[in-house]
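These are the residues of each chain, in order.
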Amino acid sequence: MITGKNYIGNSLSAKGSVTYKTFNPKANTENEIVYTEATSEEIQEAAHLASEAFKEFRAVSGTKKAAFLNTIADEILALDDELVQTYMSETGLPEGRAKGERGRTIGQLRTFATLVEEGSWVEARIDPAQPDRTPMPRVDLRKMLVPIGPIVVFGASNFPLAYSTAGGDTASALASGCPVIVKSHPMHTGTGELVASAIIKAAEKTGMPNGVFSNLNSSGIEVGQELVKHPKVKGVGFTGSIRGGRALLDLASKRPEPIPVFAEMGSINPVIILPKALEERAHSLAKTYAGSITLGTGQFCTNPGLILGLKSDGLTSFIETLASEIVTIAPQCMLHPNIHNAYSNNKARAQAQKNVQTKANIDDAVTENYAQQAVATVDGMTFLENRTLHEEVFGPFSLVVQCESKAELEQIIANLEGQLTGTVISEQNEASDYDTIINALSDRVGRIIFNGVPTGVEVAPAMLHGGPYPASTDSRFTAVGRDAIKRWVRPFSYQDWPNELLPNELKNHNPLGILRLVNDQETKEAL
Ligand code: NAP
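Because the structure is predicted, anything quoted here is derived from the model rather than measured.

J.: Could you clarify how one ought to interpret unusual backbone geometry in this entry?
T.: Peptide bonds are, in most cases, trans, and in most cases residues other than glycine have a negative phi. The residue after T134, namely P135, is reached through a cis peptide bond having omega 5°. Secondary-structure assignment places P135 in the loop between β7 (125–127) and β8 (141–147). Cis geometry marks the peptide bond from Y469 to P470, where omega comes out at 5°. With respect to the helices and strands, the residue P470 is situated in the loop between β20 (445–450) and β21 (489–495). Positive phi, normally seen in glycine, also occurs at T297, with a value near 55°.

Pasting the structure below:
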């Protein structure tokens, strides 16, 4: 049952006087439940509890953390229809999407459970002492990854489950041994509270310390900012807009003790369609891309917002078909009136730029909060010179850039901001003639796709979801897949430490049976 309160560790609390409601965009009306924003006192309490919990949680075994994560997954499933209905009422997204995203969330939790139960993820390295080495004896050195401390997680509006309360950031941080304080997203606070209740139940059932998880409500940015500035907070996970992520990064770096902010932000996900591919299959590509641009009402961070090609009959035919196809797709509801307004304004701003031609736009009146999808086109030189056209239009909009030459295309790619993905559409053997362009694209993105669409982010060990700034604040890390855990740890060395006082991961007899690097050799053997 949703209470409208905050979880300060295991306790429900609502000491504040600021209240708000969520909004049902499909019904175009406020939802009934009233949520109470967390007060400064509650923020202090959550941070203090998290810091105390860390003292115990950092040393909890992989097996116990796995039980905790698996129980969270079970408890989320047990929320059943209440969760699905609440999700739908706060997002306008359909039931299939709610269930699909729940499946992804559960899958992520179980993936991290498996990872920490097995245990080798800590990258144990052991260089045993060599007392007889000359001219100097060698000390005994042992290194492993250890958690950094309480993490604040900000979820995104467009993924209330998979990138929010128990999403990838929370699952990976808990798996690493870091307590988590979630700054609940104001657009889906009810969904957030239900998921938080599942996490708290799981924490109690599996004997985790009070404060290992808290969930704080807020209708504005102040609660999040106070959390990021709190001295007991040691890291931040954020999924959202470039403006929001950048503000938090700046805030964190101005603290007396700066802390890492792993922000996954906006992207326009360039797609390059090579000439032979345009010649051979402009029509089918256009149909595929009409689907990708409008998928989830374009509210995906990997939405293809920018399509580039060399001026040709093939490109003209692609643009014409894309334009005629995209208007045949029924307009869909956006997540919130604010997101809808931002989409309409940003789209109109892009369309109003000099030399931009709108090729398709649903002009008919649509239901309130439904998006009017659009496609526009512009020449390469104009795009190169006008940075406004490089900005994300979050929603079902894409800009097709018609380039004069390979040189111009390469220059455009080299001048793009960092992106989550880049896509190359090519006929067989065609891509090898464009290696400098593909190299330029590789330099700008976190993931490069061949003959596909950028939408759809598989949760797998080889996935990289991030990219050069501003796609993310640190391109060396991923927000999706098991390596996401590396954002919340630091390497730590023991020198000449007695065997019995070492953590199990580094003890001579390798009680956990994990893979370790001993004397530069990977092995599961005891020393
Ligand atoms: P958002 O407006 O940036 O909000 C995200 C969260 O951050 C909210 O809880 C928001 O709180 C908070 N926030 C925003 N600005 C803040 C500030 N200056 N100080 C403190 N807190 C702040 O983004 P959104 O609307 O939720 O998500 C849409 C965006 O996310 C799109 O640009 C999309 O491309 C991107 N996205 C990226 C990924 C990825 O993995 N890279 C995935 C999904 C979405 P308030 O709402 O209370 O202001």
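J.: Would you explain the packing of helix α2 (residues 62–78) against helix α4 (residues 95–118) in this entry?
T.: When two helices pack together, you describe them by how their axes are tilted relative to each other and by the distance separating the axes. Remark: α2 packs on α4, axes separated minimally by 7 Å, with the N-to-C direction vectors making an angle of 170°. As judged from the angle between their axes, α2 and α4 are roughly antiparallel. The element α2 and its partner α4 pack so that their crossing is left-handed. Residues G62, T63, K65, A66, L69, N70, I72, A73, D74, I76 and L77 of α2 form the contact with α4, whose participating residues are R102, T105, I106, L109, R110, F112, A113, V116 and E117.

J.: Quick question: what am I supposed to make of helix α5 (residues 168–176) here?
T.: Each α-helix turn comprises 3.6 residues. Residues three or four places apart therefore point the same way. Buried residues dominate α5, accounting for nine of its nine residues. Phi for G177, located one or two positions after α5, is positive at around 105°.

J.: I'm lost on the site of the ligand in this one. Help?
T.: Around the ligand sit 28 residues in total, of which S157, H185, S241, E392 and H465 are the nearest. Within the side chain of S241, a nitrogen or oxygen atom sits 2.5 Å from an oxygen atom of the ligand. Isolated, the ligand exposes 910 Å² of accessible area, and the fraction of that covered by the protein chains is 88%. Every element with two or more residues in the shell around the ligand is listed here: β12 (235–239) and α8 (242–253). A total of three residues in the shell around the ligand trace back to one element, the largest contributor, which is α8. In the shell around the ligand, the residues fall into 12 nonpolar, 13 polar and three charged.

J.: Would you mind showing me how to read the sheet that holds strand β18 (residues 397–403) here?
T.: The pairing of strands in a sheet comes from backbone hydrogen bonds and takes either a parallel or an antiparallel form. Strand order in the open sheet made by the seven strands is β16-β17-β18-β15-β14-β19-β20, with mixed pairing throughout. This sheet does not close on itself; its edge strands, each paired only once, are β16 (357–361) and β20. This sheet shows a mean twist of 20° between the axes of neighbouring strands, independent of strand direction. Bridge count between strand β14 (residues 270–273) and strand β15 (residues 306–310): three bridges; the pairing is parallel. Counted as the bridge partner of I272 is L308 from β15. Contacts from helix α11 (residues 337–351) reach β16, β17 (374–379) and β18 within the one sheet, and its direction differs from that of β18 by about 20°. Contacts between helix α14 (residues 435–444) and the sheet are confined to β14, β19 (419–425) and β20, with β20 contributing the most and set at about 135° to the helix.

J.: What's the story with the sheet that holds β8 in this structure? I'm lost.
T.: Pairing within the open sheet is mixed, and its five strands lie in the order β21-β8-β7-β22-β23. Only two strands of the sheet have a single partner each, and these edge strands are β21 and β23 (521–523). Along the sheet, successive strands turn relative to each other by an average axial angle of 25°, direction set aside. Alignment of β8 against β21, held across seven bridges, turns out to be antiparallel. Looking across to β21, one finds that K143 is bridged to S493.

J.: Please clarify how the packing of helix α9 (residues 275–294) against helix α10 (residues 313–326) should be interpreted in this entry.
T.: Orientation of α9 relative to α10, taken along the N-to-C sense of each, is 35°, at an axis distance of 8 Å. α9 and α10 meet at a crossing whose hand is right-handed. Facing α9, whose interface residues are L278, A282, H283, L285, A286, K287, Y289, A290, I293 and T294, α10 presents G314, L315, S317, F318, T321, L322, E325 and I326. Per-class residue counts for the contact of α9 with α10 are 11 nonpolar, five polar and two charged.

J.: Would you mind showing me how to read the environment of W488 here?
T.: When you line up the elements, W488 lands in the loop between β20 and β21. Take W488: its relative accessible area is 0%, and that puts it in the buried class. Taking the C-alpha atoms as reference points, W488 and G177, separated by 311 residues in sequence, lie 8.5 Å from one another. Discounting chain neighbours no more than four positions away, the residues touching W488 are V146, P147, I148, I151, D169, S172, A173, S176, C178, V236, G237 and F262.

J.: Any chance you could explain the packing of aromatic side chains here in plain terms?
T.: Both the distance between ring centres and the angle between the ring planes are used here to describe each pair of aromatic rings. The final tally for this structure, using the stated rule, is nine aromatic pairs. Measuring from ring centre to ring centre gives 5.9 Å for F154 and F238, while their planes differ by 55°; the resulting arrangement is tilted. Here F154 is found in strand β9 (residues 151–154), whereas its partner F238 is found in strand β12, with 84 residues between them in sequence. This pair shows no difference in class: F154 is buried, exactly as F238 is. Directly above the ring of F159 sits R97, whose terminal nitrogen or CZ lies 4.7 Å from the centroid. Stacked on the ring of Y434, the Lys or Arg K406 has its end atom at 4.4 Å from the ring centre.

J.: Which parts of the structure should I look at to understand the domain arrangement of the protein?
T.: Accessible area lost when the parts come together is the quantity often used to give the size of an interface. For the protein, the domain assignment lists domain 1 (6–16 + 32–126 + 148–265 + 477–487) and domain 2 (270–450). One C-alpha centre belongs to domain 1, the other to domain 2, and the line joining them spans 33 Å. For the pair domain 1 and domain 2, the summed buried area comes to about 880 Å², and 64% of that belongs to carbon and sulfur atoms. Joining domain 1 to domain 2, the criterion identifies zero salt bridges. Our count for the domain 1 to domain 2 interface comes out at one residue pair in polar contact (both at pLDDT 80 or more). Of the residues assigned to the side of domain 1 that touches domain 2, the class counts are four nonpolar, four polar and three charged.

Definitions and limits used
All residue numbers refer to positions counted from 1 along the written sequence of the respective chain. The model is predicted, so local features are restricted to residues of pLDDT at least 70 and side-chain atom pairs to those at 80 or more, both for listing and for counting; the totals for chains, interfaces and linings are taken over all residues. The side-chain numbers reported here are obtained from all heavy atoms of the structure, hydrogens and water having been left aside. Secondary structure follows DSSP: runs of H or I at least 4 residues long count as helices, runs of E at least 2 residues long count as strands, and numbering of each begins at the N terminus. Fitted lines through C-alpha atoms serve as axes, helices being fitted only where they are in contact, and the angles separating the N-to-C directions of these axes extend from 0 to 180 degrees. We call two directions roughly parallel when the angle between them is under 35 degrees, roughly antiparallel when it is over 145, roughly perpendicular when it lies between 65 and 115, and oblique otherwise. Helix crossings get a hand from a simple test, with the near helix turned counterclockwise from the far one by less than a right angle marking a left-handed crossing and a clockwise turn marking a right-handed one. By definition in these notes, contact holds between two residues if any of their heavy atoms fall within 4.5 Å. Buried residues are those whose accessible area, probed at 1.4 Å on protein chains only, stays under 20% of the maximum for their type, while exposed residues exceed 50% and partly exposed ones sit between those limits. Here a residue is near a molecule or strand as soon as one of its heavy atoms is found within 4 Å of it. Think of a polar contact as two N or O atoms within 3.5 Å of one another; within protein, one of them needs to be a possible hydrogen donor and the other a possible acceptor, and neighboring residues in sequence only count if both atoms come from side chains. Exposure was quantified through the Shrake-Rupley algorithm and a 1.4 Å probe, taking into account, for residues, occlusion by the shown protein chains and nothing else. Asp, Glu, Lys and Arg are counted as charged, while Ala, Val, Leu, Ile, Met, Phe, Trp, Tyr, Cys and Pro are counted as nonpolar; the rest, among them Gly, fall into the polar class. At least two DSSP bridges between two strands are needed for those strands to be called paired. A pair of Phe, Tyr and Trp rings is counted when the ring centres sit within 6.5 Å of each other, with Trp represented by its six-membered ring. The angle between the planes then sorts it: under 30 degrees is stacked, over 60 is edge-to-face, the rest tilted. A ring is considered to have a charge above it if a Lys NZ or an Arg CZ atom is located within 6 Å of its centre and within 35 degrees of its normal. Residue ranges assigned to each domain were obtained from an automatic or database domain assignment. In this description, buried area is defined as the sum, over both parts, of the accessible area (probe of 1.4 Å) that is lost when the two are combined. What makes a salt bridge here is a side-chain nitrogen of Lys or Arg within 4 Å of a carboxyl oxygen of Asp or Glu, nothing more.

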